[in-house]
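# Survey of secondary and tertiary structure
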Amino acid sequence: MNGQGHKMTPDHAQRIAITTWRVYAHPLPAGYHVLAERLWPRGLRKADLPLDAWPKDLTPSTALRQWFAHDPVRWDEFRKRYLAELAEQQETARALLTQAAGSPLILLYAAHDQEHNGALVLRDFLQSLVKSPPMRLGQ
C-alpha cells in the first residue's frame with residue numbers, strides 16, 4: 001500500500017526507483033535486493049548477500065551470456081537480444097515489480113564493467129514496464 005491507501009501495482013509504480021549495484025561494493029543500499037545474474041557471484045557466500053529475489057528467468061540465457069562474454073564490442077547486439085528474451089518474461093517482470101512493493105529495487109550484478117552488463121538492460125526493461133500499462137490478451 002502506498003501512503004494514499006492504494007495498493008501498489010506496476011501501473012502505479014512510477015515512484016519505484018530501480019538502480020543497479022555491484023555485489024562486491026559494500027554496504028548494499030537499502031531496498032528490495034534482486035540478483036540479476038544467472039550464476040552465483042564468485043567468491044561470495046550465500047549468507048553474505050541478503051537477497052529478496054533471484055529471478056533467473058529475468059537473467060540473460062546461458063547461450064546469450066556465453067556469446068556476449070562481456071565484450072563491449074558486442075554490447076548493442078547483446079542488448080537487443082536480451083531485450084527480446086525479456087519481452088517473453090513480462091509477467092515475471094511485472095510480478096517482481098509488485099513484490100518490490102514500492103521499495104527501491106536494487107539490481108545486483110557481479111560484472112567488473114559497470115557500463116556493459118545485464119543488470120543495466122534489465123533496469124531499462126523494468127522501467128519501461130513501470131511506464132506502460134500491462135498487455136492484455138486480445139490486444
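The present account deals with the structure reproduced in this document. (Residues numbered from 1 in each chain as written. Predicted model: local features only at pLDDT ≥ 70, side-chain atom pairs only at ≥ 80, totals over all residues. Heavy atoms only, no water.)

## Points about the pattern of salt bridges
When the charged atoms of two side chains lie near each other, side chains of opposite charge can form a pair. The tally for this structure, following the rule as stated, stands at four salt bridges. Note that Arg 123 and Asp 124 form a salt bridge whose closest N and O atoms lie 3.0 Å from each other. Judged by its relative accessible area of 23%, Arg 123 is partly exposed. Overall, Asp 124 belongs to the partly exposed group, its relative accessible area being 24%. Connected through shared salt-bridge partners, Arg 79, Arg 123 and Asp 124 make up one network. (Salt bridge = Lys/Arg side-chain N within 4 Å of Asp/Glu carboxyl O. Buried < 20%, exposed > 50% of the residue type's maximum accessible area, 1.4 Å probe, protein only.)

## Points about the packing of aromatic side chains
Taken as a whole and assessed by the stated rule, the structure comprises five aromatic pairs. Ring geometry for Trp 40 versus Trp 54: centroids 5.3 Å apart, planes at 65°, classification edge-to-face. With Trp 40 in the loop between strand 2 (32-35) and helix 1 (62-68) and Trp 54 in the loop between strand 2 and helix 1, this pair connects stretches of sequence that are 14 residues apart. Their ring planes at 50° and their centres at 6.0 Å tell us that Phe 68 and Trp 75 sit as a pair that is tilted. Taken individually, Phe 68 and Trp 75 each receive the classification buried, so the pair is uniform in this respect. The lysine or arginine in question, Arg 81, covers the ring of Trp 67, its NZ or CZ lying 4.1 Å from the ring centre. (Phe/Tyr/Trp six-rings, centres within 6.5 Å; stacked < 30°, edge-to-face > 60°. Helix = DSSP H or I, 4+ residues; strand = E, 2+ residues; numbered from the N terminus. Lys NZ or Arg CZ within 6 Å of the ring centre and 35° of its normal.)

## As for the nonpolar core
Within the largest apolar cluster, 29 residues are counted, with the highest numbers of intra-cluster contacts made by Ile 18, Leu 105, Leu 107, Leu 122 and Leu 126. Among the secondary structure elements, those contributing two or more residues to this core are strand 2, helix 1, helix 2 (75-87), helix 3 (90-100), strand 3 (105-109) and helix 4 (118-131). Top element by residues in this core is helix 4. It accounts for eight residues. Apart from the residues within four sequence positions on either side, Leu 105 is in contact with Ile 16, Ala 17, Ile 18, Thr 19, Tyr 32, Val 34, Leu 97, Ala 100 and Leu 126. Val 23, Leu 28, Leu 108 and Ala 110 belong to the second-largest nonpolar core, a separate cluster that totals eight residues. (Core = buried A, V, L, I, M, F, W, Y, C linked by side-chain atoms within 4.5 Å. Contact = heavy atoms within 4.5 Å.)

## What to know about the sheet that holds strand 1 (residues 18-22)
An order of 1-3-2 is seen for the three strands of this open sheet, with the pairing classed as parallel. Unpaired on one side and paired on the other, strand 1 and strand 2 mark the two borders of the sheet. Adjacent strand axes in the sheet meet at a mean angle of 30°, parallel and antiparallel pairs treated alike. With five bridges connecting them, strand 1 and strand 3 associate as parallel partners. Directly across from Thr 19, in strand 3, lies its bridge partner Ile 106. Each of strand 1, strand 2 and strand 3 touches helix 3; the most contacted strand, strand 2, lies at about 150° to it. Each of strand 1 and strand 3 is contacted by helix 4, which is oriented at about 165° to strand 1, the strand it contacts most. (Pairing = 2+ DSSP bridges. Axes fitted to C-alpha atoms, helices over the stretch in contact; angles between N-to-C directions.)

## Let's talk about helix 4
A rise of 1.5 Å per residue sets the reference length of helix 4, with its 14 residues, at 20 Å; its end C-alpha atoms lie 20 Å apart and thus fit the reference within 8%. Among all positions of helix 4, only Gly 118, Ala 119, Leu 120, Val 121, Leu 122, Phe 125, Leu 126, Leu 129 and Val 130 are buried. Residues of helix 4 that are buried in the fold lie against strand 1, helix 2, helix 3 and strand 3. At the N-terminal end of helix 4, a side-chain oxygen is found 3.1 Å from the backbone nitrogen of Ala 119, two or three residues along, and the residue is Asn 117. (Expected span 1.5 Å × (residues − 1). Polar contact = N/O pair within 3.5 Å; in protein donor to acceptor, adjacent residues only side chain to side chain.)

Remember, this is a structural readout, not a statement about activity or role.
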